[in-house]
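# A structural walkthrough
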Amino acid sequence: MARRSSNNRDTNPFEESRETHSRRAEPRQNARPKKRRRWPWVLLFVLILIGLFPNILGWTGLHQQAINFATSDFDGKVTVKQASLGW
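Structural notes, computed from the coordinates. Keep in mind the model is a prediction, meaning the values are calculated, not measured.

### Quick notes on the overall build of the chain
If you tally the helices and strands in the chain, you get three helices and zero strands. Along the chain, from the amino end to the carboxyl end, the secondary structure elements read α-α-α. Split into buried and exposed, the 87 residues of the chain put 5% on the buried side. Working note: accessible area of the chain is about 9,500 Å², and carbon and sulfur atoms make up 56% of it.

### Some remarks on helix α2 (residues 39-60)
Where α2 bends most, the angle comes to about 50°, and this point is Leu-52, followed within four residues by the proline Pro-54. Looking at the residues trailing α2, positive phi occurs at Gly-61, about 85°.

### Some points on the packing of α2 against helix α3 (residues 62-70)
Two numbers describe a pair of packed helices, the interaxial angle and the distance between the axes. Running from N to C, α2 and α3 cross one another at 105°; their axes reach a closest spacing of 5 Å. Between α2 and α3, the crossing angle belongs to the class labelled roughly perpendicular. Contacts between α2 and α3 involve Leu-57, Gly-58 and Thr-60 from the first element and Leu-62, His-63 and Ala-66 from the second. The class makeup of the residues in the contact of α2 with α3 is three nonpolar, three polar and no charged.

### Here's the deal with the environment of Lys-77
The residue Lys-77 is located in the segment after α3 in this model. Here Lys-77 falls in the exposed class, since its relative accessible area comes to 75%. C-alpha of Lys-77 to C-alpha of Ile-67: the two residues are 10 residues apart in sequence and 9.9 Å apart in space.

The rules behind these values
Residues numbered from 1 in each chain as written. Predicted model: local features only at pLDDT ≥ 70, side-chain atom pairs only at ≥ 80, totals over all residues. Heavy atoms only, no water. Helix = DSSP H or I, 4+ residues; strand = E, 2+ residues; numbered from the N terminus. Buried < 20%, exposed > 50% of the residue type's maximum accessible area, 1.4 Å probe, protein only. Areas by Shrake-Rupley, 256 points an atom, 1.4 Å probe, with all protein chains shown as cover. Bend = angle between axes of the 7 residues up to and from the residue. Axes fitted to C-alpha atoms, helices over the stretch in contact; angles between N-to-C directions. Parallel < 35°, antiparallel > 145°, perpendicular 65-115°, else oblique. Contact = heavy atoms within 4.5 Å. Nonpolar A, V, L, I, M, F, W, Y, C, P; charged D, E, K, R; others polar.

This is the structure:
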C-alpha cells in the first residue's frame, strides 16, 4: 500500500481549495458600512439658523439682551418694546 505524505503532493496546485473558494463567496465580515456624509446637512442647518437668526431674536425677546450687551458701556438704559429684524 502506498502511503500518502503529509506535504500534499497529491493535490493539483492549479485547483483552488474549498477554503479559498468559500472565503471568496462570502461577503467580508469586517467590511465597513458605507459612511454617510453628514457635513452637507450640518452646513445646511447652520445656514438656515443664520438666516432665521434675526427673526428668532425678535420673536423670543432676546433682542433686549442683545441690546443690553451691545450698550453695556453706555451711561443710561436702552429699552426696546418691539423690534422688526431682518437681513
